[in-house]
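Chain residues, written in single-letter form:
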Amino acid sequence: MIEGIFVEGLIFSIMALGILISFRLLDLADLTCDGSVATGAAVAAISITSGLPITVSILLAFLSGVLCGLVTAAIHNHLHIPGLLAGILTMTMLYSVNLRVLGNKANLPLVKVDTMYRVFPKLFSFVSPEAASLLGTLLCIVVIKVILDLFFHSDLGISLGALGGNEQVVISLGMSPAVLKYVGLGLSNGLIALSGALLAQYQGFADASLGTGMVVQGLAAIMIGEFLFRTNRISMITLRVVLGSIIYKGLMYFGRKYGYIIGITPNDFKLLTGMLVIISLVIASTRTRAAEDSARKKALQKTKGDR
């Protein structure tokens, strides 16, 4: 049970990291996620069932997500369509694409082929199969997190992080905001599709509707992580996204298992997730205003003291 919560949370954290890039760093409300996570699952599933190696299948899933992000960026940059609408358009089109990838089927089972979660127990045979799945997933997350942290310490990563805060600063540095949006949305949806590829292998099937409501869930995980501790270091920001994702999945698990006590059913989870995001936004806004008021009062007191 505990291992399952952690495995799902770790897989989900890859998607949350992708959402972090678009919503927090780029300050772009990208809804491509709901389509690209299913695209990653579909590409990985059809690749594995076609006999391709697991690593190649996962790489193809990542690249398919990058392509989804590039399509959204192209619609936004060249057709001058707002980012929110561009993401919705791509997400809508991806549903048909995902059905095509899956061979015009709504889902594709992976019960008769080797997946990562059948390989992990063989690689880590010294522990139980559940612990092996957790250990293998944790290793994947560590590698992804380290690569992301290194990327965001590079000049390109720093410019990408500055884009959402102040686009004029990026322009003054000689960088093109349009190019950075291509990079940011491509990387964001690549990670989201990678999460979908791992999730399909873990649950044993790929589904064309896998991504429904994933954006809101990812935002909830990010905001839960933001309540854990405050930081401006990118390595700690990515860490709290991972921790927030695990906590979110844990809350959902205990809601399913014990929610009946207070009358909560699985049908209520999307409502509760939406309310959680709203409450988190209100609290975050209140904390920001309180911090600004406190800083203003200290500045006034210092000014009076100098006089």
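Computed from a predicted structure; not experimentally measured. (Residues numbered from 1 in each chain as written. Predicted model: local features only at pLDDT ≥ 70, side-chain atom pairs only at ≥ 80, totals over all residues. Heavy atoms only, no water.)

Points about the side chain of T231
Structurally, the position occupied by T231 is in the loop between helix 10 (214-228) and helix 11 (234-258). Looking at T231, the relative accessible area reads 19%, which means it is buried. Polar side-chain contacts of T231 include one of 3.1 Å to the backbone nitrogen of R233. Those residues in contact with T231 that lie beyond four places of it in its chain are M236, I237 and R240. (Helix = DSSP H or I, 4+ residues; strand = E, 2+ residues; numbered from the N terminus. Buried < 20%, exposed > 50% of the residue type's maximum accessible area, 1.4 Å probe, protein only. Polar contact = N/O pair within 3.5 Å; in protein donor to acceptor, adjacent residues only side chain to side chain. Contact = heavy atoms within 4.5 Å.)

Overview of the nonpolar core
In this structure, M15, I19 and L191 are the most contacted members of the largest nonpolar core, which totals 68 residues. If you tally residues by element for this core, the top one is helix 1 (residues 2-25), at 13 residues. Among all residues touching I19, those that are not within four sequence positions of it are R24, C33, S188, I192, M214, V215, G218, L219 and I222. (Core = buried A, V, L, I, M, F, W, Y, C linked by side-chain atoms within 4.5 Å.)

Points about helix 7 (residues 155-165)
Those residues of helix 7 that fall on the buried side of the exposure criterion are G157, S159, L160 and L163. For helix 7, the angular spread of buried residues about the axis comes to 160°, placing them on one side. Turned more than 90 degrees off the buried face of helix 7, the exposed positions are D155 and G165. Turning to helix 7, the residues buried within the fold contact helix 1, helix 6 (129-151), helix 8 (167-172) and helix 9 (177-203). (Arc of directions from axis to C-beta.)

Focus on unusual backbone geometry
At D27, a residue that is not glycine, the phi angle is positive and equals roughly 55°. Inspection of the secondary structure assignment puts D27 in the loop between helix 1 and helix 2 (33-49). Backbone geometry at H80 places phi at a positive 55°, although glycine is not the residue there. Position of H80 relative to the elements: it lies in the loop between helix 3 (54-78) and helix 4 (83-101).

Description of the confidence of the model for the chain
Residues at a pLDDT of 70 or more form 92% of the chain, whose mean pLDDT is 85. Here helix 12 (residues 269-306) stands out as the least confident element of the chain, with mean pLDDT 69; helix 3 is the most confident, with 93. (pLDDT = per-residue confidence, 0-100.)

Things to note about the packing of helix 1 against helix 6
Helix 6 packs onto helix 1 with a crossing angle of 20° between their chain directions and a minimal axis gap of 8 Å. Between helix 1 and helix 6, the interaxial angle falls into the category roughly parallel. Our pair here, helix 1 against helix 6, has a crossing hand that is left-handed. From helix 1, E3, F6, V7, L10, I11, S13, I14, L17 and I21 reach across to helix 6, where they touch E130, A131, S133, L134, T137, L138, I141, I144 and L148. Among the residues forming the contact of helix 1 with helix 6, the class breakdown is 13 nonpolar, three polar and two charged. (Axes fitted to C-alpha atoms, helices over the stretch in contact; angles between N-to-C directions. Parallel < 35°, antiparallel > 145°, perpendicular 65-115°, else oblique. Left-handed = near helix turned anticlockwise from the far one by under 90°. Nonpolar A, V, L, I, M, F, W, Y, C, P; charged D, E, K, R; others polar.)

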